[in-house]
Amino acid sequence: MIPPVLPTYSRAPLHFVKGEGSWLIEEDGRRFLDMGAGIAVNALGHAHPALVAALTEQAGKVWHLSNLYEIPQQEALAAMLVDRSFADTVFFTNSGTEAMELAVKMARKYWYEKGQPERVEIISFEGAFHGRSSAAIAAAPTEKMVKGMGPLLPGFKVLPHGDWGLLKDAITETTAAVIIEPIQGEGGIRPLSDEDLKTIRAICDATGVLLILDEVQCGIGRTGRLFAHEWAGIAPDIMMVAKGIGGGFPLGAVLASEEAASGMTLGTHGSTYGGNPLGCAVGCAVIEIVSDPDFLDEVNRKAGLLRQKLEGLVAGHPEVFEAVRGQGFMIGLKCKVPCGEVVKAGFAQEIITVPAADNVLRLLPPLTLSEDEIAEAVTRLDAAATAVTAALAG
Ligand SMILES: *Cc1c(COP(=O)(O)O)cnc(C)c1O
């Protein structure tokens, strides 16, 4: 019999009833160190006082206002994002997938208004993840996500990840945009180098196609900069963010240059909830904290410490782990055993990690993770790896 909740998720039998900073507390009282942060969502951990205050204060005033009216919290958050990024304008969504939908529409509308309506094709890359809508799965058509769900939306071309010569050749006069994650998240923490990003930007510049960066997972301080592309010294034309920007409140956004957004005129897009006062009040509190240079310095310092300890962990368990990769607090441990086994062994040690493709164990802790918690995380991962090794031998 089908359960009341549609059974599309593989869920661990854990019932968390409370969160405190980097910790999730199970019904039975066990305290789990949360190195997953809801897949990079709880950027400031659980129940951060500034976020609780922002949410409850707004909740006592007004929860929802239609976009038929001006929403001051939305204007404030948009102004903060514009002030701190390449962007000139922002549209708020409730999720990363919705941001993907708008990014695609915006790129196509741009060319339509430029008098080149044939430019509709979006180029994406293998291993990418952009969400679960029809457009998003057409851009990242893994078998698991598309089988039986056709016909796939036309207008997408998927290239191998990492061969920029192929990208150059694939761009034609029907190409609208290139979409890429600076660090693939679901794909297994596969980072682009600064050189890669510069090359992709140069190819887009030479051909005029728009560059869309999907920073839904790697943005909002995760890599030690507010946005991951800042490390490469380049800027996109359009960028999607979500996950961390709401710190746990459903919120996403599309950031764009004035030029790239020029087709999105009155009435061309909308959302009932997108940019509502509750989400934007929390978003303002998140950006206020995360964009502080001192906060980002701390993220970089602590991420360096974690990285160093993880290199030691990998060296100490060569039968379990192969390598560490990623940047900042977006880290992948490439596994030699099925990574799901390590995640499970982690649960027994009361530490939460997240599996990804390419047999990679993901660590996406709250950006507020402390030095003590870093040491604790590595101790627990060490115990988990020892248990996995013992099980292998047994
Ligand atoms: C999670 C994710 C999405 C989709 O976001 P949702 O909020 O789940 O719709 C898109 N792109 C990337 C890179 C993601 O990690």
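All of these numbers come straight from a predicted model, not from anything done at the bench. (Residues numbered from 1 in each chain as written. Predicted model: local features only at pLDDT ≥ 70, side-chain atom pairs only at ≥ 80, totals over all residues.)

1. Section: the sheet that holds strand E13 (residues 321-327)
Strand pairs in the sheet, formed through backbone hydrogen bonds, run parallel or antiparallel to each other.
Argument step 1. Across the sheet, which stays open at both edges, the 4 strands sit in the order E13-E14-E17-E16 with antiparallel pairing between neighbours. Each end of this open sheet is capped by a strand with a single partner; those strands are E13 and strand E16 (354-356). With direction set aside, neighbouring strand axes in the sheet form an average angle of 30 degrees.
Argument step 2. Relative to strand E17 (residues 360-363), E16 runs antiparallel, the two sharing 3 bridges. Across the sheet, residue Val354 finds its bridge partner in E17, namely Arg362.
Argument step 3. Most of the contacts of helix H10 (residues 293-316) go to E13, to which it runs at about 165 degrees, and overall it touches E13 and strand E14 (330-335).
Argument step 4. Of the strands in this sheet, E14, E16 and E17 touch helix H11 (residues 339-348), which is tilted by about 40 degrees from E17. (Pairing = 2+ DSSP bridges. Helix = DSSP H or I, 4+ residues; strand = E, 2+ residues; numbered from the N terminus. Axes fitted to C-alpha atoms, helices over the stretch in contact; angles between N-to-C directions. Contact = placed C-beta atoms within 7 Å.)

2. Overview of the site of the ligand
Argument step 1. Close contacts around the ligand come from 15 residues, with Ser95, Gly96, Thr97, Val216 and Gln217 the closest.
Argument step 2. The element that contributes the greatest number of residues to the shell around the ligand is helix H4 (residues 96-113), accounting for 3 residues.
Argument step 3. Here the residues of the shell around the ligand are counted per class, giving 4 nonpolar, 7 polar and 4 charged. (Near = placed C-beta within 6 Å. Nonpolar A, V, L, I, M, F, W, Y, C, P; charged D, E, K, R; others polar.)

3. A few points about the UniProt feature "modified residue: N6-(pyridoxal phosphate)lysine" (unreviewed entry) in the chain
Argument step 1. Here, the residues flagged by UniProt with the feature "modified residue: N6-(pyridoxal phosphate)lysine" (unreviewed entry) are Lys243.
Argument step 2. Tracing the backbone shows Lys243 in the loop between strand E11 (238-241) and strand E12 (252-256). (UniProt positions renumbered as here; feature names shortened; annotations may be inferred.)

4. Details of the pairing of E11
Argument step 1. Alternating positions in E11 separate into two faces, Ile238 and Met240 on one and Met239 and Val241 on the other, with burial throughout.
Argument step 2. Direction of pairing for strand E10 (residues 210-214) relative to E11: parallel, over a ladder of 3 bridges. Its bridge partner being in E11, Leu213 is matched across the sheet by Met239.
Argument step 3. Pairing of E11 with E12, which is carried by 4 bridges, proceeds in the antiparallel orientation. Paired with Ile238 across the two strands is Ala256, which belongs to E12. (Buried ≥ 20, exposed ≤ 12 C-beta atoms within 10 Å, placed from the backbone.)

5. With respect to the packing of helix H3 (residues 72-83) against helix H9 (residues 277-290)
Argument step 1. Remark: H3 packs on H9, axes separated minimally by 8 Å, with the N-to-C direction vectors making an angle of 30 degrees. By the angle between their directions, the pair H3 and H9 is classed as roughly parallel. Judged by the sense of rotation from one axis to the other, the crossing of H3 with H9 is left-handed. Here Gln73, Gln74, Ala76, Leu77, Met80 and Leu81 of H3 lie close against H9, whose contacting residues are Pro277, Cys280, Ala281, Gly283, Cys284 and Ile287.
Argument step 2. Looking at side-chain class alone, the contact of H3 with H9 contains 9 nonpolar, 3 polar and no charged residues. (Parallel < 35°, antiparallel > 145°, perpendicular 65-115°, else oblique. Left-handed = near helix turned anticlockwise from the far one by under 90°.)

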